[in-house]
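# Secondary and tertiary structure notes
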Amino acid sequence: MQAILGVLFHSLGGVASGSFYMPFNKVKGWAWESYWMVGGLMSWLIVPPLAAYLTVPGFMDIISAGSSTIVGFTFLMGLLWGVGGLSYGLGVRYLGMSLGNSVVLGFCAAFGAVVPSIYYNFYPEAGKVSFTDMLGSSGGQLVLLGVLVCLIGIGLSGKAGIMKENELTDEQKKESVLEFNLVKGLIVAVLSGILSSFFSFGIEAGKPLADAAVEAGYDHLFANNVTFVVILWGGLVTNLVWTTMLSIKNKSYKDFTNKSTPIRNNIIFSALAGTIWFLQFFFYGMGESKLGSGASSWILHMSTIILTANFWGIYRKEWKGVAKKTKYTITAGIIVILLSVVLVGIGNSI
């Protein structure tokens, strides 16, 4: 029953993350930094403490009583992850929902799943699974195979993007993705995928905070919400600094008073996007508490997001006008990524 709940919560998280970008498409007449700032304030500053308060009312006492080293390192991971979050938006902007998410989140899945286990090889910790442990067990080997299969799926998705680039005219590309740019998009997406995996490292670094919540008598199902508050503080700093700089440079701060744009609707849709975005980790925290930490939880979460985002991309006709071979290639990429989810799930159960 716990495994079923875990998979369910992971899936809900994936749907939330894969869908969060959609409300941003409803924003009219605002610069990117304007709606990203509003969404970010909601997803990193307002909603996480609210969720923590509703599920772990004493979360601030737990954070205050925590080791400064643990809190500081968790915050640092969030700071670096924030850079990945910023470039994620650009990756989707240049590549579209399907291809952008496949590349960004595929790299994020692979790095986030494997790097923590490598870390525990050098700094062993009781209860943590090292890379050697994974290599030495059939279940661990299957999980690593799932990571490899996921990377193959990313490769297929990337190939589909290159095929699309070669087939369509600039006008056709802009019909589905207004600022489509394969080279620029891939560079940004790879960088974003690697840095975005630091959220996984932050969860590992902040695990003592979640454990303290359980020891204080709170439901372990929501214990990760304490850790998320600290990680997202880091993400808030990175994103707020950058969007503020852009807002001043481009004078886009005038968006918030520009009556020729639907200011109220823009704020609502941006705030909605930010709230939906946070829900991915709210549900992920619940699923992780059932499935356990490490490669299994992270890659299941990321792969579900990739699949959801690809379905959105298909719905938005991002692959309209391409040859059947290209459509088959992106479809194969999605199927291979789905296969990686199955392999990781089986490996986790073993």
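Small disclaimer: the values here were computed from a predicted structure and weren't measured.

As a further point, take the overall build of the protein chain. Across its full length, the protein chain holds 16 helices and zero strands. Out of the 350 residues belonging to the protein chain, those deemed buried represent 55%. Restricting the contact set of the protein chain to residue pairs at least 6 apart, pairs at least 24 apart contribute 84%. Surface accessibility of the protein chain: about 15300 Å² in total, with carbon and sulfur atoms responsible for 68%.

Glancing now at the nonpolar core. Core analysis: the biggest nonpolar cluster contains 65 residues, and F199, V226, F228 and L232 have the highest contact counts within it. Core analysis: the second largest hydrophobic core is formed by five residues, V114, M134, L144 and V147 among them.

Think of a pair of aromatic rings as described by two things: how far the centres are apart, and how the planes are tilted against each other in angle. Applying the stated criterion to the full structure yields 14 aromatic pairs. Each ring, one from W30 and one from F256, has its centre 5.1 Å from the other, and the planes form 75°; the classification is edge-to-face. Placement of the pair is W30 in the loop between α2 (21–24) and α3 (32–55) and F256 in the loop between α13 (224–250) and α14 (263–291), with a sequence separation of 226 residues. For the ring pair F199 and F228, a centre distance of 5.8 Å and an interplane angle of 50° mean the geometry is tilted. With a gap of 29 residues between them, F199 in helix α11 (residues 198–205) and F228 in helix α13 connect regions that are remote in the sequence.

For K251, which is not glycine, the phi torsion reads 55° and is therefore positive. Relative to the helices and strands, K251 is located in the loop between α13 and α14.

A contiguous nonpolar patch, built from I118, Y119, F122 and Y123 and spanning about 480 Å² of accessible area, is present on the exposed surface. Tracing the backbone shows F122 in helix α6 (residues 97–122).

Below, the discussion takes up α3. For α3, which comprises 24 residues, the first-to-last C-alpha distance of 33 Å matches the rise-based estimate of 34 Å (1.5 Å per residue) to within 8%. Along its length, α3 reaches its greatest deviation from straightness, about 40°, at V47, and the proline P48 lies no more than four positions downstream.

Let us look at the environment of A52. Position of A52 among the secondary structure elements: in helix α3. The exposure class of A52 is buried, given its relative accessible area of 0%. Taking the C-alpha atoms as reference points, A52 and T227, separated by 175 residues in sequence, lie 9.3 Å from one another. Residues within four places of A52 in sequence aside, it is in contact with P57, F59, N225 and V229.

The next subject is the packing of α3 against helix α5 (residues 68–95). Between α3 and α5, whose axes approach to 13 Å, the crossing angle comes to 135°. By the criterion of interaxial angle, the relationship of α3 to α5 is oblique. At the point where α3 passes α5, the crossing takes the right-handed sense. Between α3 and α5, the residues in contact are W32, W36 and W44 and W81, G85, L86, Y88, G89 and R93, respectively. For the contact of α3 with α5, the per-class residue count stands at six nonpolar, two polar and one charged.

A separate point is the confidence of the model for the protein chain. Residues with a pLDDT of 70 or more make up 83% of the protein chain, whose mean pLDDT is 80. When mean pLDDT is compared element by element in the protein chain, helix α4 (residues 59–65) scores highest at 96, while helix α1 (residues 2–19) scores lowest at 48.

What counts, and where the lines are drawn
Sequence order as written defines residue numbering, which begins from 1 separately in each chain. In keeping with the model being predicted, local features are shown solely for residues with a pLDDT of at least 70 and side-chain atom pairs are shown and tallied solely at 80 or more, while totals for entire chains, interfaces and linings include all residues. Heavy atoms from the whole structure form the basis of all side-chain values; hydrogens and water molecules are not counted. Secondary structure elements are taken from DSSP: a helix is a run of H or I of four residues or more, a strand is a run of E of two residues or more, and numbering for both begins at the N terminus. Exposed residues in this analysis have more than 50% of their type's maximum accessible area, buried residues have under 20%, and partly exposed residues fall in between, with area computed by a 1.4 Å probe over protein chains only. We call two residues in contact whenever any of their non-hydrogen atoms come within 4.5 Å of each other. Using a 1.4 Å probe, the Shrake-Rupley method yields the accessible areas, and only the shown protein chains count as cover for residues. Nonpolar cores are built from buried Ala, Val, Leu, Ile, Met, Phe, Trp, Tyr and Cys residues. Side-chain atoms within 4.5 Å join them into one set. The rule is short: rings of Phe, Tyr and Trp, with Trp giving its six-membered ring, pair when the centres are within 6.5 Å, and they are stacked under 30 degrees, edge-to-face over 60, tilted in between. Patch criteria: residues need more than 30% relative accessible area and no salt bridge. Like-charged residues are merged within 9 Å; nonpolar side chains of Val, Leu, Ile, Met, Phe, Trp and Tyr are merged within 5 Å. Think of a salt bridge as a Lys or Arg side-chain nitrogen and an Asp or Glu carboxyl oxygen that are within 4 Å of each other. By this rule, a helix spans an expected 1.5 Å times one less than how many residues it contains. Note that the bend at a residue is defined as the angle between axes fitted to the seven residues ending at it and the seven residues starting at it. Note on geometry: axes are lines fitted to C-alpha atoms, helical ones only across the stretch in contact, with angles between N-to-C directions running from 0 to 180 degrees. We call two directions roughly parallel when the angle between them is under 35 degrees, roughly antiparallel when it is over 145, roughly perpendicular when it lies between 65 and 115, and oblique otherwise. A clockwise turn of the near helix away from the far one marks a right-handed crossing, whereas an anticlockwise turn of less than a right angle marks a left-handed crossing. Note that Gly is not counted as nonpolar here; it falls among the polar residues with everything else outside the nonpolar set of Ala, Val, Leu, Ile, Met, Phe, Trp, Tyr, Cys and Pro and the charged set of Asp, Glu, Lys and Arg. One number per residue, pLDDT, summarises how confident the predictor is, and it ranges from 0 to 100.

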